[in-house]
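Secondary and tertiary structure notes
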Amino acid sequence: MRPSGERELRGHSSIVYRLATVPTADGVLLASGDTQGGVLLWDGQTGERLTEPVTVDGVTVSDLAAVNLGADGWALACCGSDGVTLWDPRRIGQPGYVPRRLLDTGTSALAVIPSEPQLIVLAGVTAVTVIDPASGREVFSFPQPPHPKGHIGDQVYRLAGVRFDDETAGFVAARYGGALEMWEPAGNVWRQRSFSLGVLGRGVLTAFDTRLAITARRGVEVWDLKTGERTARGELDTPFEVLAPVQLGQQTVIAAAFRDHHECGVQLWDPQDPAALSAVFNRHGPAFGDPRLGGATINAVTSIACPDGKTRVASAGNDGCVLISAPLDEHDLVAGQRPGPAPPQGGGGNFARVRTSDGEIVGLWFARTGDARDRGLIEAVLFREDLGHLLGAEHRVVPNTYDDSGGAFVMFGHHLAPGEPGHA
């Protein structure tokens, strides 16, 4: 256990890629899947490892989810290149136990539709399919577009089960390129629901009650699926990689994971008070155990409602580790808390903006020449200084001969640095 009260869970030999919680009569299980097709089960409250690694796929565990099979209890659904299997969490790791195979074709994503009974929606190479997991019956499907060699096309690659109102549940499908589609049952057929969310940023979304949270334009937005209206927006200016709902008392907040060069971690954000954030917790890293690679990428986040009545958040990253936070509550959210990590180098005299006579920002100055050649640091500064529009521009590093401050300029496009011949 870390001094912060976070539990550090190790046992995977590769990148931990997916997480899911499974309710049991005794509490809650935490399942973690890795990029070598292995799954581990943990006690969600204590962090105790309950099984040795079990191989559920030949390559990578693409997705995990808990699904309620009714009289047969809860199952852990696992998908990957080998297909989709349903595992009884009480029997995982037992000699001779064979899970139930639901689909034999490769699948990249799955989600549980919160209907009665629950359904599973799967994104495969050739089709998006809705299946009744209790019977294995296909309920609905539509074809994926062709997948041109060397090009990702516009296939569906992210899914989320959603509730549109008290009577209707369906799913959201995200395509490469950012397009979002919503599907719902209408009698004996399924139809695409008319709904405009614009373009999804970074392919990150999560659903809770009748709302959908997405990353968009360097922030987080929440949409009410009943009314089609946006109900909250966080101007957080942080590149969040993962979102997950967290129930704290009577309110639902969002756990958001970020990676910003040498730092990564998770923060809570309150859609009811968009200026309220928690401090950063569950800091992973370094990536792949190598300090030269900076902070880890957090691939998955999930909330754990523990039997002791406390709420914790688990996260998994490419450092091969699962972290379970200390107990969290609504008092951890503070208005005005800084989103993401602190500005690189603190900004206090270590870097500055370079402007034209018209006030346009066209470059940066760094006190250390080495920092001006650090691509990761440059990206972090651009994000923190709200200069993300410069990320795609070509840049040059120019030693500072303009004054006695030393260091170097990073100039974007064809703009000249102060002190360069021809600079106005």
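Notes on the structure in this doc start here. This structure is a prediction, so every number in the text was calculated from the model and none was measured.

With 6 of 7 residues buried, strand 7 (residues 74-80) is to be regarded as a mostly interior element. As paired strands, strand 6 (residues 63-68) and strand 7 are joined by 6 bridges and run antiparallel to one another. Paired with A65 across the two strands is A77, which belongs to strand 7. Turn length for the strand 6-strand 7 hairpin, with the two strands adjacent in sequence and antiparallel, is 5 residues, and the turn residue G70 shows positive phi of about 75°. Looking at chain direction, strand 7 and strand 8 (residues 83-87) are connected through 5 bridges and run antiparallel. Bridge assignment links C79 to a residue of strand 8, and that residue is V84. The antiparallel hairpin formed by strand 7 and strand 8 contains 2 residues in its connecting segment.

The tally for this structure, following the rule as stated, stands at 15 salt bridges. Across the pair D104 and R101 runs a salt bridge whose closest N-O atoms are separated by 3.5 Å. Via salt bridges that share partners, E184, R191 and R193 belong to a single interconnected network.

As for its placement among the helices and strands, T302 is situated in strand 26 (residues 298-305). If sequence neighbours within four positions are ignored, T302 has contacts with L19, T21, L30, A244, R312, V313 and A314.

Turning next to the nonpolar core. Core analysis: the largest hydrophobic core is formed by 18 residues, its most contacted members being V246, L248, A255, V266, L268, V301 and V313. If you list the elements that add at least two residues to this core, you get strand 22 (240-248), strand 23 (251-260), strand 24 (263-269) and strand 26. Broken down by element, the residue count for this core peaks at 4 residues, all from strand 22. Non-local contacts of V301, meaning those with residues more than four positions away in its chain, are made with L19, V242, A244, A255, A257, V266, V313, A314 and S315. I113, V130, F140 and F171 belong to the second largest nonpolar core, which has 17 residues in total.

Further remarks concern the sheet that holds strand 28 (residues 321-324). Two pairing modes exist for strands in a sheet, parallel and antiparallel, and in both the strands are linked by backbone hydrogen bonds. The 4 strands are arranged 1-28-27-26 in an open sheet whose pairing can be described as antiparallel. Across the chains shown, the open sheet's two edge strands, defined by having one partner strand only, are strand 1 (7-10) and strand 26. When the angles between neighbouring strand axes are averaged without regard to direction, this sheet yields 20°. Across 7 bridges, the pairing between strand 26 and strand 27 (residues 311-317) is antiparallel. Opposite A300, over in strand 27, you have A316 as the bridge partner.

This part takes up the side chain of D57. Structurally, D57 is set in the loop between strand 5 (54-55) and strand 6. There is no salt bridge for the buried D57, and the closest opposite charge comes from R101, which lies 6.8 Å off by N-O distance. Looking at D57, its side chain comes within polar contact range of the main-chain nitrogen of V59, at 3.0 Å. Setting aside anything within four residues of it in sequence, one finds D57 in contact with Q36, G37, G80, S81, D82 and G83.

Take the layout of surface pockets next. Looking at the second largest pocket, its volume works out to about 320 Å³. Every residue lining the second largest pocket is counted, 18 residues in all, and those nearest its centre are P23, T24, A25, D26 and L29. Breaking the lining of the second largest pocket down by element, the ones donating at least two residues are strand 2 (16-24) and strand 3 (27-34). Class assignment of the residues belonging to the lining of the second largest pocket gives a composition of 9 nonpolar, 4 polar and 5 charged.

Our next topic: the packing of aromatic side chains. Applying the stated criterion to the full structure yields 8 aromatic pairs. Summarising the aromatic geometry, the rings of F140 and W183 are spaced 5.4 Å apart at their centres and angled 40° between planes, so their arrangement reads as tilted. A residue pair is termed long-range when its members are at least 10 positions apart, and F140 in strand 13 (residues 137-143) and W183 in strand 16 (residues 180-186) qualify at 43 residues. Pair check on accessibility: F140 and W183 agree, each one buried. With a centroid separation of 5.9 Å and 40° between ring planes, the pair formed by F171 and W190 is classed as tilted. Here the residue F171 occupies a position in strand 15 (residues 169-175), and W190 occupies one in strand 17 (residues 189-193), the gap between them amounting to 19 residues. For F171, a relative accessible area of 0% puts it in the buried group. Residue W190 is classed as buried on the basis of its relative accessible area, which comes to 14%. These aromatic residues form a ring-pair network of at least three members: F140, F142, F171, W183 and W190. Against the face of Y17 rests R18, its NZ or CZ located 4.0 Å from the ring centre.

So, how was this worked out
Residues numbered from 1 in each chain as written. Predicted model: local features only at pLDDT ≥ 70, side-chain atom pairs only at ≥ 80, totals over all residues. Heavy atoms only, no water. Buried < 20%, exposed > 50% of the residue type's maximum accessible area, 1.4 Å probe, protein only. Helix = DSSP H or I, 4+ residues; strand = E, 2+ residues; numbered from the N terminus. Pairing = 2+ DSSP bridges. Salt bridge = Lys/Arg side-chain N within 4 Å of Asp/Glu carboxyl O. Contact = heavy atoms within 4.5 Å. Core = buried A, V, L, I, M, F, W, Y, C linked by side-chain atoms within 4.5 Å. Axes fitted to C-alpha atoms, helices over the stretch in contact; angles between N-to-C directions. Lys, Arg positive; Asp, Glu negative; His and termini not counted. Polar contact = N/O pair within 3.5 Å; in protein donor to acceptor, adjacent residues only side chain to side chain. 1 Å grid on protein atoms, 1.4 Å probe; cavity = no way out; pocket = protein on both sides within 12 Å on 5 of 7 lines; lining within 4 Å. Points joined across faces, edges and corners; volume = space filled by probe spheres on them. Nonpolar A, V, L, I, M, F, W, Y, C, P; charged D, E, K, R; others polar. Phe/Tyr/Trp six-rings, centres within 6.5 Å; stacked < 30°, edge-to-face > 60°. Lys NZ or Arg CZ within 6 Å of the ring centre and 35° of its normal.

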